[in-house]
Amino acid sequence: MGIEESSLEGVVTLRGIIMVLRAKTIDLLQTKDLTSKQKINSDLNLGELESREKNLASFPRRIILELTNACNLRCVMCGRDEARFSKTVFDLSYLDRLTKVLEVTEEVTLFGWGEPTIHPKFKEILEYLRRYPTRKYFVTNGTRLKSIRDALFEYQVDIMAVSLDGARASTNDKIRIGSNFEQIVSDLSLIVKQKQKLGVSYPYINFVFTAMQSNLQEIPDLVRLACDLGLEEVKVVYLTVFSDKLLSESLWEQQEEVKRVFNESIQLAESLGVKIKLPYIQGEDIAGRNYHKDCFVGWRDFFLGSDGYVRPCQSSATKLFPYSKYDTFEEMWNSAEYQDFRSRVNDPETMPGECKRCYQSSHANWNRKDSFIQVGQQFAPDWANRPM
Ligand code: SF4
């Protein structure tokens, strides 16, 4: 079987079918048609990104809302234990300033340092977003699937990513402390059955798997599990180590074994019809010797943290400004802070320090040790005190 690199950025095609996605992708996953207003905005945004405009006439294509930085699990690799995390929760009044942009942005992603489904108003937020044409996407640890199952269909959630770090209960539950593999699998099975019963194609569901030494070999079995359950995709990201206790779990300098497992997983995914998204192999990242791949989050995304600060992305400690600083979305989006960030993020001389050691799964340069190991570095923001 030949694997052919396509001319599309970061996409590998197998027998002409796009099955394997290599991060990074400028385009967002399309699960339904865009409205004409969304399409006009997205085309304008892509053009402004290409010409590296600082002052944008377009709105972002994606709004990312971190509903909380709190979590009901204690995964061994989570940076929440290695930094000072005062719990913060997203204030629903933040939504008021987003009404105009919600008409044209492609997607709202509920994602950040914490578990979005434990936000006390999680379902109300889905209900609110349902009034807009935007895709609704969230990333979850899967612990509350049973209680949110009906809301997935009532509010038409378009994409749901479920974190699982093993294809066996013994592996997953040891890494994701407090997680229950069997329960997650059983709940997902019921969700897929409900999808089939209702005859709908949403939510598109993928597994997100953090690859490390103790679970790398289970990726092919995770692809099998996704197929058995009827899920659409498996996405693999590398572990970034924040604590020296986990250095032995890093896949830094394990590229030969990683490549072998990835190739096996690709072949299996192709034969089973499951999409697979994999990071670049160390040494093969298109970022070459740069600090990171071309970063486009300052054009495509608007990230609002649960502490009320706007940050460039979830993986950056940089706070651009407090959300309360500006009265309108337009003022924020073309603020001096945003324009300054856009002018610096891809400049090796002036980019923020965190961007020089970017570990964001799509933009990081996986040829660099800093992407795999961040011990002793500031990798998360100093949280403003907004107790839950
Ligand atoms: S940390 Fe990475 S993804 Fe985030 S803004 Fe910097 S370069 Fe971009």
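All values derive from a computational prediction rather than experimental measurement. (Residues numbered from 1 in each chain as written. Predicted model: local features only at pLDDT ≥ 70, side-chain atom pairs only at ≥ 80, totals over all residues. Heavy atoms only, no water.)

### A look at the pattern of salt bridges
Opposite charge on two side chains makes pairing possible when the charged atoms of those side chains draw close.
Working step 1: By the definition in use, this model includes 24 salt bridges.
Working step 2: The shortest N-O distance in the salt bridge between Asp-301 and Arg-62 comes to 3.2 Å. Of the two residues, Asp-301 is situated in strand β13 (residues 301-304) and Arg-62 in strand β4 (residues 62-65); the sequence distance between them amounts to 239 residues. Like Asp-301, the residue Arg-62 is buried in the burial classification. (Salt bridge = Lys/Arg side-chain N within 4 Å of Asp/Glu carboxyl O. Helix = DSSP H or I, 4+ residues; strand = E, 2+ residues; numbered from the N terminus. Buried < 20%, exposed > 50% of the residue type's maximum accessible area, 1.4 Å probe, protein only.)

### Details of the confidence of the model for the chain
Working step 1: Averaged over every residue, the pLDDT of the chain is 91; the share at 70 or more is 90%.
Working step 2: Contacts for the low-pLDDT stretch residues 1-18, under 50 throughout, to residues beyond four places or in other chains number 36 contacts. (pLDDT = per-residue confidence, 0-100. Contact = heavy atoms within 4.5 Å.)

### Looking at the site of the ligand
Working step 1: Close to the ligand lie His-292, Cys-295, Val-297, Pro-312, Cys-313, Phe-341, Cys-355, Cys-358, Gln-360 and His-363.
Working step 2: When grouped by side-chain class, the residues that make up the shell around the ligand number seven nonpolar, three polar and no charged. (Near = heavy atom within 4 Å. Nonpolar A, V, L, I, M, F, W, Y, C, P; charged D, E, K, R; others polar.)

### Some remarks on the nonpolar core
Working step 1: Grouped together as the largest cluster of nonpolar side chains are 92 residues, with contacts concentrated most on Leu-65, Leu-110, Leu-188, Phe-207 and Phe-302.
Working step 2: In this structure, Leu-65 is in contact with Phe-90, Leu-95, Leu-98, Val-108, Thr-109, Leu-110, Phe-111 and Leu-304, ignoring residues within four places of it in sequence.
Working step 3: Residues Met-77, Ile-175, Val-241 and Leu-246 belong to the second largest nonpolar core, which totals eight residues. (Core = buried A, V, L, I, M, F, W, Y, C linked by side-chain atoms within 4.5 Å.)

### Thoughts on the packing of aromatic side chains
Working step 1: Tallied over the full model, the rule gives 21 aromatic pairs.
Working step 2: Plain terms: the ring middles of Phe-153 and Tyr-202 are 6.3 Å apart, the flat faces sit at 40° to each other, and that makes the pair tilted. Here the residue Phe-153 occupies a position in helix α4 (residues 145-154), and Tyr-202 occupies one in the loop between α6 (181-198) and β10 (204-211), the gap between them amounting to 49 residues.
Working step 3: Take Phe-153: its relative accessible area is 8%, and that puts it in the buried class.
Working step 4: Between Phe-302 and Phe-329, the ring centres sit 4.8 Å apart and the planes meet at 65°, which makes this aromatic pair edge-to-face. You can see Phe-302 sitting in strand β13 and its partner Phe-329 sitting in helix α10 (residues 329-333), a full 27 residues away along the chain.
Working step 5: With a relative accessible area of 0%, Phe-302 lands in the buried category.
Working step 6: When its relative accessible area of 2% is taken as the criterion, Phe-329 is described as buried.
Working step 7: Clustering of aromatic rings is evident, with ring pairs tying together Phe-59, Phe-90, Tyr-94, Phe-302, Phe-321, Tyr-323, Tyr-326, Phe-329, Trp-333 and Tyr-338.
Working step 8: When the ring centre of Tyr-309 is taken as origin, the NZ or CZ atom of Lys-319, which lies over that ring, is 4.2 Å away. (Phe/Tyr/Trp six-rings, centres within 6.5 Å; stacked < 30°, edge-to-face > 60°. Lys NZ or Arg CZ within 6 Å of the ring centre and 35° of its normal.)

### A look at the pairing of strand β6 (residues 107-110)
Working step 1: Burial of the side chains of β6 extends over both faces: Glu-107 and Thr-109 are buried on one face and Val-108 and Leu-110 on the other.
Working step 2: Examined bridge by bridge, β4 and β6 share four bridges and lie parallel to one another. From the neighbouring strand, Ile-63 faces β6, where its bridge partner is Val-108.
Working step 3: Pairing geometry for β6 and strand β7 (residues 135-140), over four bridges, is parallel. Residue pairing across strands places Val-108 opposite Lys-136, the latter belonging to β7.
Working step 4: Remark: the β6/helix α3 (residues 122-129)/β7 crossover connection has right-handed handedness. (Pairing = 2+ DSSP bridges. Right-handed = clockwise from strand over helix to strand, strands pointing away.)

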